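What follows is the residue order along each chain.
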Amino acid sequence: MINLEKITGLAHLYLQEVVQAGDVVVDATAGNGNDTLFLAELVGKSGKVYAFDIQEKALKITKEKLAEAFLEERVTLILDSHENIRQYVFSPIKAAVFNLGYLPGGDKKVVTKPKSTIAGISECYKLLELGGIIAITVYVGHPGGEEEKILLEELGQKIPDREGFVVKHEYLNRPQSYPKLYIIGKRRNPL
């Protein structure tokens, strides 16, 4: 069951509505493997997940989680920045997920960077199929988090309405430093 009390649960709800068996998807920030595992379940045996992270520790944790669920064959783990996605993914994608900030339980000094984040999101958008989405959870409480949010909103405002949509979710009864969810999508039928 999806936990809607967490912003990542809301991201999973969106992904569950869009991703189907056989799809190609990207986890741009593998982290502790939760999104990678969720996507691997959604794409089924005939689908593919590309999971990126810049930390070997994150990919090791993700690999172990996938092995426990017997889903390793559905996922390609990539030790590189998500800004380099086009070096690894050559087919259209149905969805991508980004969890910005730092690896939970890891070194809090190693964080996503605004420049590489926006580059990665832009590259994913170019690969995105019609009807596909990018789910981006922004943690503004870490160094660079506020800048990532500002640049993401600037990027979102540049997407023509006839082509796509950008939605922002935030909790009104929680501190402003609480994570926010952005959904960027391509319209199924562009106007």
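One can find the structure itself at the top, above this paragraph.
Below is a summary of the structure that appears in this document. (Residues numbered from 1 in each chain as written. Predicted model: local features only at pLDDT ≥ 70, side-chain atom pairs only at ≥ 80, totals over all residues. Heavy atoms only, no water.)

Attention now moves to the packing of aromatic side chains. Following the criterion strictly, the structure yields 2 aromatic pairs and no others. A centroid spacing of 5.7 Å and a plane angle of 75° characterise the contact between F52 and Y88, whose relative ring orientation is edge-to-face. One end of the pair, F52, is in strand β2 (residues 48–53); the other, Y88, is in the loop between β3 (75–79) and β4 (93–99), and 36 residues separate them in sequence. Owing to a relative accessible area of 0%, F52 belongs among the buried residues under this scheme. Taking the relative accessible area as the measure of exposure, Y88 reaches 29% and is therefore partly exposed. (Phe/Tyr/Trp six-rings, centres within 6.5 Å; stacked < 30°, edge-to-face > 60°. Helix = DSSP H or I, 4+ residues; strand = E, 2+ residues; numbered from the N terminus. Buried < 20%, exposed > 50% of the residue type's maximum accessible area, 1.4 Å probe, protein only.)

This brings us to helix α2 (residues 34–43). In terms of burial, α2 is largely enclosed, as 8 of its 10 residues are buried. Within α2, the full set of buried residues consists of D35, T36, L37, F38, L39, A40, L42 and V43. Looking at the buried positions of α2, the neighbouring elements they touch are α1 (7–18), β1 (24–27), β2, α3 (56–68), β3 and β4. Of the residues one or two after α2, G44 is the one with positive phi, at around 70°. (Contact = heavy atoms within 4.5 Å.)

Attention now moves to the pattern of salt bridges. Throughout the structure, instances matching the rule amount to 10 salt bridges. Here R74 ties to E73 by a salt bridge, and the two come within 3.8 Å at their closest N and O atoms. A salt bridge links E123 to K126; the nearest nitrogen and oxygen atoms lie 3.1 Å apart. With E123 and K126 both in helix α4 (residues 114–127), this residue pair falls 3 residues apart, about one helical turn. With a relative accessible area of 17%, E123 lands in the buried category. Given a relative accessible area of 54%, K126 falls into the exposed group. (Salt bridge = Lys/Arg side-chain N within 4 Å of Asp/Glu carboxyl O.)

Let's shift gears to the pairing of β1. Two faces, one strand: in a regular strand the side chains alternate between the faces of the sheet. On β1, burial covers both faces: V24 and V26 on one face and V25 and D27 on the other are all buried. As paired strands, β1 and β2 are joined by 4 bridges and run parallel to one another. Paired with V24 across the strands is K48, a residue of β2. Running through α2, the crossover from β1 to the neighbouring parallel element β2 is right-handed. (Pairing = 2+ DSSP bridges. Right-handed = clockwise from strand over helix to strand, strands pointing away.)

Next up on the list: the sheet that holds β3. Across the sheet, 7 strands lie side by side as β3-β2-β1-β4-β5-β7-β6; this open sheet has mixed pairing. Both outer strands of the open sheet, β3 and β6 (164–169), are each paired with one neighbouring strand and no more. Strand-to-strand twist of the sheet, defined as the mean angle between neighbouring strand axes without regard to direction, takes the value 15°. Looking at chain direction, β6 and strand β7 (residues 180–186) are connected through 6 bridges and run antiparallel. Residue pairing in the sheet places V166 in a bridge with I184 of β7. Its contacts with the sheet put α4 on β1, β4, β5 (128–138), β6 and β7, and the angle it makes with β5 is roughly 160°. (Axes fitted to C-alpha atoms, helices over the stretch in contact; angles between N-to-C directions.)

Before going further, it helps to spend a moment on the environment of G164. If you trace the backbone, G164 turns up in strand β6. Residues in contact with G164, not counting those within four places in the same chain, are Y125, I159, G185, K186 and R187.

Further remarks concern helix α5 (residues 145–157). The first and last C-alpha atoms of α5 sit 18 Å apart over 13 residues, in line with the 18 Å expected at 1.5 Å per residue. Along α5, the residues that are buried comprise G145, E148, K149, L152, L155 and G156. Angular distribution of buried residues about the axis of α5 spans 125°; they occupy a single face of the element. Looking at the buried side of α5, the elements it contacts are α4, β5, β6 and β7. (Expected span 1.5 Å × (residues − 1). Arc of directions from axis to C-beta.)

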